[in-house]
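# Coordinate analysis (summary)
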Amino acid sequence: MFALKKKEPKVMMQGEIAPSRDADFMKTLLIGVGVALLVWMAIVSVLLIYLGIRYLGETVDGSRQRYTAITAERVGAKAVKVLDAAHAARLAVEYAIQRQLYFEPLDYETLRMSLEPAFASMPSIRAVDVAFIGRNDSLSLQRKQVAGETSYDLLLQSDAQDCVEKLGRLGCLQSLPGRAMEWYRIGMELPGGQEADNASARSSPLSNFVWAPAPGFVAHPEGAIRERGAAVAWSPAHSLIFKSVFPGTSGQLALIARVIIDVTHLRSDKALDDAARLGESGVIVLIDRSGTLLATLNPGAQTLVKSPEGIAYFRKISELAGGWTGSVTEDRILKAVETGSEMYQSGDWLVAMSQLKGLGNANFLVVVASEKAPFVDETLNTICGLARAVIISPYPAAAIVIVFTYILSSVNARRRMRKVHALEEKNKQDMANRALKIMKHPGGLGGMSVVSKLAAKARAAAKALPAPESKAKAAKALPAPESK
């Protein structure tokens, strides 16, 4: 078996200091604490920077998206309430016809009584124009409201021969007859009454109503709208056209009517004004499927007068001022109509489009554009900015110090290398000069050259050897060897 070799204790030389275990432990502890501190600083820096980025990103953008979508739905609900007034008038007339309460086209009192509750409960209804299939007569029931007063009167007019006798001196209709209007032609193509409800021929009932292809104008009851220094004597309006067949006539006698809605009521209660949350350039508008503006906060921006004809027409949403309006293309509108809503980013604006709910309102959209600034808390944004500045500032300073230290170390290393090379050259020159001096001044073993030393040693060795004559004498003195 091999014997274990004992480790001999290290012998300390005089003046040598023994290593301390406490010093090694403290050195290791300081290194560990330094590394942990650096890791903690890195983690805190990343978390604080990420906090600011997340606040200005997902947090602000998420709040902005939710508010913009909710605003579109809120304004859409109010728009549906205004537009549903037209359906209320339609249903009132259809109920009277189908229940045979209104079966004579020129029964003025029955028509007035049927529509009067709708006018009373729906202030947005301005007029109901009526024409007939099978009759050449036309009727018109209009709201007449005195400026500055809440009360109103219903004016029923007719172009029949008994208009003065039954309706008074203001009862004769002086405008073009309904049969000469464009809305009458549109109503002729609609199914009506039992035709619309005939499910045996079709898989689903047909709609006996349709909204007019484009909005129009009606005289404003106040005579003028004063907003931001603009005066407009006309209000934007839209029309619902419907058809209803009188029972028992086999479609030979039918009513075609147009319900005119004053869209100005969409601006009531500042429903389209939300600059505090959407920003100064934030916009809420109501458009139809073609992109035509139906309601805006400023009525002057909704219409444009062609020159030199002087004909007013409704603008498209793409004609509004703003960097985002050009992004509302026909494809986006069609997508919003098909899916019910659409939201996208256009530059600095967030645009949301929401389709109106309700019967027959699928072609109307509320468009809301919002800025980002109103959704940012300035105090928190300032704190996040200062935190990022404080966190990031040491890193460039450290990088500058490291680069400066590296450059300074490189310069010092080059200086030391030049000094070393110079010293080596000097040493070589001194050694060469010393050897040359030794070779030129030989003298003594201490001062002679190497060659001189070798020559002296050779001479001393030669003197120590015996002479040749001494060698011969010694050979003769030796006895001769005996012969056998």
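Since this is a predicted model, take the numbers as computed values, not measurements.

What counts, and at which threshold
Residues numbered from 1 in each chain as written. Predicted model: local features only at pLDDT ≥ 70, side-chain atom pairs only at ≥ 80, totals over all residues. Heavy atoms only, no water. Phe/Tyr/Trp six-rings, centres within 6.5 Å; stacked < 30°, edge-to-face > 60°. Helix = DSSP H or I, 4+ residues; strand = E, 2+ residues; numbered from the N terminus. Buried < 20%, exposed > 50% of the residue type's maximum accessible area, 1.4 Å probe, protein only. Lys NZ or Arg CZ within 6 Å of the ring centre and 35° of its normal. Polar contact = N/O pair within 3.5 Å; in protein donor to acceptor, adjacent residues only side chain to side chain. Contact = heavy atoms within 4.5 Å. Salt bridge = Lys/Arg side-chain N within 4 Å of Asp/Glu carboxyl O. Arc of directions from axis to C-beta. Patch = residues over 30% accessible without salt bridge, like charges linked within 9 Å, V, L, I, M, F, W, Y side chains within 5 Å. Areas by Shrake-Rupley, 256 points an atom, 1.4 Å probe, with all protein chains shown as cover. Lys, Arg positive; Asp, Glu negative; His and termini not counted. Charge placed at Lys NZ, Arg CZ, Asp CG, Glu CD. Disulfide = S-S within 2.5 Å. Expected span 1.5 Å × (residues − 1). Bend = angle between axes of the 7 residues up to and from the residue. Axes fitted to C-alpha atoms, helices over the stretch in contact; angles between N-to-C directions. Parallel < 35°, antiparallel > 145°, perpendicular 65-115°, else oblique. Left-handed = near helix turned anticlockwise from the far one by under 90°. Nonpolar A, V, L, I, M, F, W, Y, C, P; charged D, E, K, R; others polar. Pairing = 2+ DSSP bridges. pLDDT = per-residue confidence, 0-100.

A few words now on the packing of aromatic side chains. Enumeration over the complete set of coordinates arrives at five aromatic pairs. The interplanar angle of 90° and the centroid separation of 5.3 Å between the aromatic rings of Trp 211 and Phe 364 together place this pair among those described as edge-to-face. Taken together, the positions of Trp 211 in strand S4 (residues 209-211) and Phe 364 in strand S16 (residues 364-370) put the pair 153 residues apart, joining distant regions of the chain. Note on Trp 211: relative accessible area 10%, which makes it buried. The ring of Tyr 67 has Arg 277 lying over it, and the distance from NZ or CZ to the ring centre is 5.0 Å.

Residue position: Thr 296 is located in the loop between strand S11 (293-295) and strand S12 (303-305). By relative accessible area, which is 3% here, Thr 296 ends up buried. Polar contacts involving the side chain of Thr 296 include one to the main-chain carbonyl oxygen of Asn 298, which spans 2.8 Å. When near neighbours in sequence (up to four residues on either side) are disregarded, Thr 296 contacts Arg 267, Leu 272, Ile 284, Val 285 and Gln 302.

We now examine the pattern of salt bridges. Inspection of every chain in the model, using the stated rule, returns eleven salt bridges. Across the pair Asp 274 and Arg 74 runs a salt bridge whose closest N-O atoms are separated by 3.9 Å. Of this pair, Asp 274 sits in the loop between strand S9 (254-262) and helix H6 (275-278) while Arg 74 sits in helix H1 (residues 21-98), and the two are 200 residues apart along the sequence. Of the residues examined, Asp 274 reaches a relative accessible area of 14% and is grouped as buried. Assessed through its relative accessible area of 40%, Arg 74 is described here as partly exposed. Here Glu 94 and Arg 90 are joined by a salt bridge, their closest N and O atoms 3.3 Å apart. Of the two residues, Glu 94 and Arg 90 both sit in helix H1, four residues apart, roughly one turn of that helix. The pair formed by Glu 94 and Arg 90 is uniform in burial state, with each residue classed as buried. Three or more residues are tied together by salt bridges with common partners; here these are Glu 182, Arg 185 and Glu 189.

As a further point, take helix H7 (residues 330-339). Of all the positions in H7, only Ile 333, Ala 336 and Val 337 are classed as buried. The buried residues of H7 occupy one face: seen down the axis, they fall within an arc of 100°. When the buried face of H7 is taken as reference, the exposed residues oriented beyond 90 degrees from it are Asp 331, Glu 338 and Thr 339. In this structure, the buried side of H7 is in contact with strand S10 (283-288), strand S14 (341-346), strand S15 (349-355) and S16. Remark: Gly 340 follows H7 within two positions and exhibits a positive phi of approximately 100°.

A few words now on a positive patch on the surface. Taken together, the side chains of Arg 414, Arg 415, Arg 418 and Lys 419 make up a positively charged region of the molecular surface. Structurally, the position occupied by Arg 414 is in helix H9 (residues 394-440).

In this section: the state of the cysteines. A covalent bond between the sulfur atoms of two cysteines is what we call a disulfide. For the structure shown, the criterion picks out one disulfide. Note on cysteine connectivity: Cys 163 is disulfide-linked to Cys 172, with sulfurs 2.0 Å apart. Every disulfide takes its handedness from the sign of the S-S torsion; for Cys 163 and Cys 172 that torsion is 70°, giving right-handed. For Cys 163, a relative accessible area of 6% corresponds to the buried category. Judged by its relative accessible area of 17%, Cys 172 is buried.

Counted at 1.5 Å a residue, the expected span for H1 with its 78 residues is 116 Å, and the 107 Å between its end C-alpha atoms agrees. Taken as a whole, H1 carries its principal kink of about 40° at Arg 54.

Moving on, we get to the side chain of Arg 258. Considering the arrangement of structural elements, one finds Arg 258 in strand S9. Once residues within four sequence positions are removed from consideration, Arg 258 is found in contact with Ala 127, Val 128, Asp 129, Trp 183, Ser 239 and Leu 240.

Packing of H1 against helix H2 (residues 108-121) leaves a shortest axis separation of 9 Å and a crossing angle of 160°. If you check the angle between H1 and H2, you find them roughly antiparallel. Here H1 runs over H2; the crossing is right-handed. Across the interface between the two elements, Ala 88, Ala 89, Ala 92, Val 93 and Ala 96 of H1 pack against Ser 114, Leu 115 and Ala 118 of H2. Residue composition of the contact of H1 with H2, by class: seven nonpolar, one polar and no charged.

Along the primary structure Arg 74 and Ser 354 are separated by 280 residues, whereas in three dimensions their C-alpha atoms are 10.0 Å apart. When sequence neighbours within four positions are dropped, the list of residues in contact with Arg 74 reads Ala 271 and Asp 274.

Attention now moves to the sheet that holds S10. Taken in spatial order, the five strands of this open sheet run S11-S10-S16-S15-S14, and their pairing is antiparallel. Strand pairing shows two members of the sheet lacking a second neighbour, S11 and S14, which therefore form its edges. On average, adjacent strands in this sheet sit at an angle of 30° to one another, irrespective of strand direction. Sheet topology note: the S15/S16 ladder contains six bridges and is antiparallel.

What follows deals with the confidence of the model for the chain. Confidence along the chain averages 79 in pLDDT terms, with 79% of residues attaining 70 or more. Throughout residues 196-204 the model reports pLDDT below 50, and contacts reaching past four residues in sequence, or to other chains, amount to four contacts.

In this section: the pairing of S9. Burial runs high along S9: nine of the nine residues are buried. By the alternation rule, side chains of S9 split into Ala 254, Ile 256, Arg 258, Ile 260 and Asp 262 and Leu 255, Ala 257, Val 259 and Ile 261, which are all buried. With eight bridges joining them, strand S1 (residues 125-133) and S9 adopt antiparallel strand pairing. What sits directly across from Ile 133, in S9, is Ala 254. Note: strand S8 (residues 234-245) against S9, nine bridges, orientation antiparallel. Bridging from a neighbouring strand, Phe 242 pairs with Ala 257 of S9.

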